[in-house]
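# Commentary on secondary and tertiary structure
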Amino acid sequence: MNPCITSSRLSLLYSKYNKREFVHPDPLEFLYNYPDPTDREIVGLIASCLAYGSVKQILKTVDSVLKVMRAPRAYFEKRSRSSIARDCRGFKYRFTTENELCSLLIGIKSALQECGSLEALFMRSYDENHENIVPALCAFVSVINADLPGPKSSLLPHPQMGSACKRLNLYLRWMVRQDDVDPGGWTGIKASQLLVPMDVHMHRISLMLGLTNRKQANLKAACEVTGSFKMFEPGDPVKYDFALTRFGIRDDMDPCNILEDTEKL
């Protein structure tokens, strides 16, 4: 790869845009309402899984699910599986059915009962010597999806299917990194093993900046872009993800102006 953006320009973008004031609209903002990491990890998984479609509808849908729970950790400790199923009745969001939502929530409950926390479930298959978090992510998804009503999930796609798993990698960014934007909460995972949350939007930016030549926004592209970022920040390759993806998400920031913006800084 021969990126057409420099480390100094990326650092300038990070300094300017990696701030709470640029978060809205983003499902990440829900996590700020939960200071306890045992609540935050649950909220983060739900919010990231539902983070597809228009941002306005994402925020509305996540809010509707979280309102039923109030205190997420206590909700899963107290509610039975049948009660959770009743809470999911009538839910529909784009491709996601009430059965898929119910499967996700029951998967969370099962993980908490078995491992004590979602972090503990992830750490059960995590190895700091692995190149990245894909092996642990595969095991994590398999456990959460154990009660899935069909072969595929609109909420938790499996990395083995080649999906970039953008929403799950976004979740890991939120939970592993800690700065002005990412609240953190998981302490056992190395940020150097995270993958860039890759979707069509990030893929377009990555192509423009020369971070990848791949034509599809899949897992291979996510790994390649992450590798490009490691040239600038080997210990924290997803550091610049939030700042770069503000362009195009916010109405006042055009992706075509990324390089021009750094020249003004």
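Just so you know, these numbers come straight off a predicted model, no measurement behind them. Per chain, the residues get numbers from 1 upward, laid out in the order the sequence is written. In view of the model being predicted, local features appear only for residues whose pLDDT reaches at least 70, and side-chain atom pairs are presented and counted only at 80 or more, with totals across whole chains, interfaces and linings using the full set of residues. Only hydrogens and water are set aside when side-chain values are computed; all heavy atoms of the structure are taken into account.

### Some thoughts on the nonpolar core
Counting residues in hydrophobic clusters, the biggest one holds 85 residues, and the most contacted among them are Leu45, Ile108, Leu118, Phe122 and Phe229. Secondary structure elements follow DSSP: runs of H or I no shorter than four residues count as helices, runs of E no shorter than two count as strands, and numbering proceeds from the N terminus. The biggest single contributor to this core is helix H6 (residues 98–115), with 8 residues. Residues in contact with Phe122, not counting those within four places in the same chain, are Ile133, Ala136, Leu137, Phe140, Leu172, Trp186 and Ile189. Residue types Ala, Val, Leu, Ile, Met, Phe, Trp, Tyr and Cys, when buried and joined through side-chain atoms within 4.5 Å, form a set referred to as a nonpolar core. Relative accessibility under 20% of the residue-type maximum defines a buried residue, over 50% an exposed one, and the middle range a partly exposed one, all with a 1.4 Å probe and only protein chains included. The contact criterion used throughout is that any non-hydrogen atoms of two residues lie within 4.5 Å.

### Section: the packing of helix H2 (residues 37–49) against helix H9 (residues 166–176)
The convention used is that axes are lines fitted to C-alpha atoms, helices contributing only their stretch in contact, and that angles between N-to-C directions extend from 0 to 180 degrees. Contact geometry of H2 with H9 gives a least axis separation of 9 Å together with a crossing angle of 150°. When the axis of H2 is compared with that of H9, the two are roughly antiparallel. Crossing angle aside, the handedness with which H2 passes H9 is right-handed. Here Arg40, Glu41, Gly44, Leu45, Ala47, Ser48 and Cys49 of H2 lie close against H9, whose contacting residues are Arg167, Leu168, Tyr171, Trp174 and Met175. Basically, the charged four are Asp, Glu, Lys and Arg, the nonpolar ten are Ala, Val, Leu, Ile, Met, Phe, Trp, Tyr, Cys and Pro, and anything else, Gly included, counts as polar. Each residue belonging to the contact of H2 with H9 can be placed in one class, and the counts come to 7 nonpolar, 2 polar and 3 charged. Each angle receives one of four descriptions, namely roughly parallel if under 35 degrees, roughly antiparallel if over 145, roughly perpendicular if within 65 to 115, and oblique otherwise. Throughout, a crossing is termed right-handed when the near helix is turned clockwise from the far one, and left-handed when it is turned anticlockwise from it by less than a right angle.

### Notes on the pattern of salt bridges
We define a salt bridge as a side-chain nitrogen of Lys or Arg found within 4 Å of a carboxyl oxygen belonging to Asp or Glu. Summed over all chains, the structure comprises 13 salt bridges. Residues Lys166 and Asp199 are paired through a salt bridge, measuring 3.6 Å at the closest nitrogen-oxygen approach. In this pair, Lys166 is assigned in helix H9 and Asp199 in the loop between H9 and helix H10 (200–208), connecting sequence segments 33 residues apart. Accessibility expressed as a relative area gives 23% for Lys166, which makes it partly exposed. With a closest N to O distance of 3.7 Å, Glu224 and Arg214 form a salt bridge.

### Some details on the packing of aromatic side chains
Each aromatic pair joins two rings of Phe, Tyr and Trp (for Trp, the six-membered one) with centres within 6.5 Å, and gets the label stacked for planes under 30 degrees apart, edge-to-face for over 60, and tilted for any other angle. Taken as a whole and assessed by the stated rule, the structure comprises 10 aromatic pairs. Between Tyr14 and Tyr240 the ring centres are 6.2 Å apart and the planes differ by 90°, which places this aromatic pair in the edge-to-face class. Here Tyr240 lies in the loop between helix H11 (219–230) and helix H12 (241–249) and Tyr14 lies in helix H1 (residues 7–17), a separation of 226 residues in the sequence. Considering the side-chain rings of Tyr52 and Phe95, the 5.9 Å spacing of their centres and the 5° angle between planes classify their relative orientation as stacked. A residue pair is termed long-range when its members are at least 10 positions apart, and Tyr52 in the loop between H2 and helix H3 (55–69) and Phe95 in the loop between strand S1 (92–93) and strand S2 (96–97) qualify at 43 residues. Each residue in the set Phe122, Phe140, Tyr171 and Trp186 is aromatic and connected to the rest through ring pairs, giving one cluster. Over the ring of Tyr32 we find Arg20, and its NZ or CZ is 3.5 Å from the ring centre. Sitting over a ring, as applied to charges here, requires NZ of Lys or CZ of Arg to be within 6 Å of the ring centre and within 35 degrees of the ring normal. One residue, Lys239, lies across the ring of Tyr14, its end atom 4.6 Å from the ring centre.

### Considerations on H3
The first and last C-alpha atoms of H3 sit 22 Å apart over 15 residues, in line with the 21 Å expected at 1.5 Å per residue. The secondary structure elements touched by the buried residues of H3 are H2, helix H4 (72–78), S1 and H6. Phi for Arg70, located one or two positions after H3, is positive at around 65°. To estimate the expected span of a helix, count its residues, drop one, and scale the result by 1.5 Å.

### With respect to H1
Those residues of H1 lying buried are Leu10, Leu13, Tyr14 and Tyr17. The buried residues of H1 occupy one face: seen down the axis, they fall within an arc of 100°. What the arc describes is the spread of directions from the helix axis to the C-beta atoms.

### A word on the environment of Met69
Within the secondary structure, Met69 is located in helix H3. Considering only alpha carbons, one finds Met69 and Cys165, 96 residues apart in sequence, at a separation of 26 Å. Leaving out residues up to four positions away in the same chain, Met69 has contacts with Ile46, Tyr75, Phe76 and Leu105.

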